[in-house]
Amino acid sequence: MGTIPSETIEQIAAANDIIEVIGSYFPLKRAGANFKALCPFHQEKTPSFHVSPQRQTFHCFGCGVGGSVFRFVMDYEHVDFPSAVRKLGARVGITVVEKRGAVDEDRQYEARRTLLKLHAEAAEWFHENLIKREVGAPARKYLKQRGITAEIAKHWRLGYAPGEWDAFGSWARGRGYEIRDLMTSGLVKTKDDADGMPGRTSYDRFRGRIMFPICNDVGEVIAFSGRLLKDEEGAAKYLNSPETPLFRKGSVLFGLDKSKRALIEASCAIVCEGQLDLISLFEAGITNVVAPQGTAFTEHQARICQRSCSLLRLGRGRDTGGRAFAGCASSK
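To keep things clear, this report deals only with the structure shown in the data block. (Residues numbered from 1 in each chain as written. Predicted model: local features only at pLDDT ≥ 70, side-chain atom pairs only at ≥ 80, totals over all residues. Heavy atoms only, no water.)

Scanning the protein chain from terminus to terminus reveals twelve helices and 15 strands. Looking at the 332 residues of the protein chain, the share that counts as buried comes to 46%. Accessible surface, the protein chain as shown: approximately 16900 Å² in total, 49% of it carbon and sulfur. (Helix = DSSP H or I, 4+ residues; strand = E, 2+ residues; numbered from the N terminus. Buried < 20%, exposed > 50% of the residue type's maximum accessible area, 1.4 Å probe, protein only. Areas by Shrake-Rupley, 256 points an atom, 1.4 Å probe, with all protein chains shown as cover.)

Printed below as a string of structure tokens:
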């Protein structure tokens with residue numbers, strides 16, 4: 001294992017206002033110069049959990065827990081310090097690069113670092129296409145019809161991949177990424193796959209699709225799922241990134257980076273059929289949700305859920321909007 005440079009930790013701490021971070025988990029009320037809430041770490045009826053924007057610290061006068069924004073994420077998410085740093089880094093777009101000894105400096109590590117950076121920048125490019133550019137207007141209209149507002153799209157970093165064959169690849173090469181990195185990421189396909197396109201050496205895997213970033217449990221983008229905006233004969237409605245050094249679809253659950261705490265508190269997970277189903281439930285206040293990547297719910301994914309809640313059985317049903325889900329009942 002490497003070590004995270006102190007300057008990176010300081011940069012991430014400075015970029016993550018503790019009021020905004022804690023406020024993203026539960027509501028805070030102003031109390032003079034500070035903010036307060038019911039403590040999430042013990043049962044209480046009178047708020048004794050205080051957060052200081054000036055000191056960038058939190059403290060509960062009831063149970064004594066307190067510390068920095070990193071300590072809060074560690075305690076609230078049940079993760080170690082490096083994971084808290086990476087999660088907060090992903091929140092503000094800062095890629096964490098660990099210092100490693102000479103023995104550890106190998107091609108596999110460098111390749112992973114490059115892929116994480118590429119996926120983070122790709123997510124931002126897709127997102128700007130959806131939010132800011134004219135090319136994303138049809139996708140914005142579709143999402144609005146599905147009840148997805150601009151704020152929700154920003155919260156989940158939804159994006160749009162233009163319909164051109166090489167829009168993303170051209171942009172990425174302009175950013176200095178080599179074709180081998182783009183191929184390894186699965187975001188670009190090679191000429192061998194491009195039947196009927198003479199003279200073309202590569203092309204974008206995702207074209208004309210609404211893009212859902214798939215994150216690991218600390219919030220780093222490791223893959224994408226794209227929903228076709230207009231039905232095309234022979235084209236899959238949903239398309240996932242292929243398996244890469246970052247992504248094994250049977251081992252990743254969409255939404256877990258946001259819903260982990262809710263799973264712990266409910267000791268129960270709702271397994272949704274797709275990304276939009278999950279987002280709709282989450283934004284409606286049902287936050288103990290996860291979703292597989294368009295495949296059967298795997299044993300590995302069940303074990304991931306079980307870290308946060310005890311699972312007894314799976315049951316399928318429909319929510320009030322007719323969307324499919326599977327409930328994971330607690331054995332507690």
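Moving on, we come to the sheet that holds strand 6 (residues 159-161). If you walk across this open sheet you meet the four strands as 6-9-10-11, and the pairing is antiparallel. Among the strands making up the open sheet, the edge pair consists of strand 6 and strand 11 (238-240). In this sheet, adjacent strand axes meet at a mean angle of 35 degrees when their direction is disregarded. The sheet contact formed by strand 10 (residues 221-228) and strand 11 spans three bridges and is antiparallel. Counterpart to Gly 226 in the pairing with strand 11 is Leu 239. (Pairing = 2+ DSSP bridges. Axes fitted to C-alpha atoms, helices over the stretch in contact; angles between N-to-C directions.)

Next up on the list: the environment of Ser 280. By secondary structure assignment, the location of Ser 280 is in helix 11 (residues 275-283). Separated by 132 residues in the primary sequence, Ser 280 and Ile 148 place their C-alpha atoms 7.7 Å from one another.

What follows concerns the sheet that holds strand 5 (residues 66-67). Within the open sheet, the five strands sit side by side as 1-2-3-4-5. Their pairing is antiparallel. Two strands close off the open sheet at either side, each with one partner strand: strand 1 (29-31) and strand 5. As defined by bridge partners, strand 3 (residues 49-52) adjoins strand 4 (residues 57-60) across four bridges and the pair is classed as antiparallel. Counted as the bridge partner of Ser 52 is Thr 57 from strand 4.

Moving on to the state of the cysteines. Counted under the stated rule, the structure contains zero disulfides. Cys 39 takes part in no disulfide bond, and the closest cysteine sulfur to it belongs to Cys 60, at a distance of 3.6 Å. Its relative accessible area of 7% is what places Cys 39 among the buried residues. (Disulfide = S-S within 2.5 Å.)

The buried fraction of helix 3 (residues 69-77) is high, at seven of nine residues. Within helix 3, the full set of buried residues consists of Val 69, Phe 70, Phe 72, Val 73, Met 74, Tyr 76 and Glu 77. Among the residues of helix 3, the N-terminal cap falls to Ser 68, whose side-chain oxygen and the backbone nitrogen of Phe 70 are separated by 3.2 Å. His 78, located one to two residues past helix 3, shows a positive phi value of around 60 degrees. (Polar contact = N/O pair within 3.5 Å; in protein donor to acceptor, adjacent residues only side chain to side chain.)

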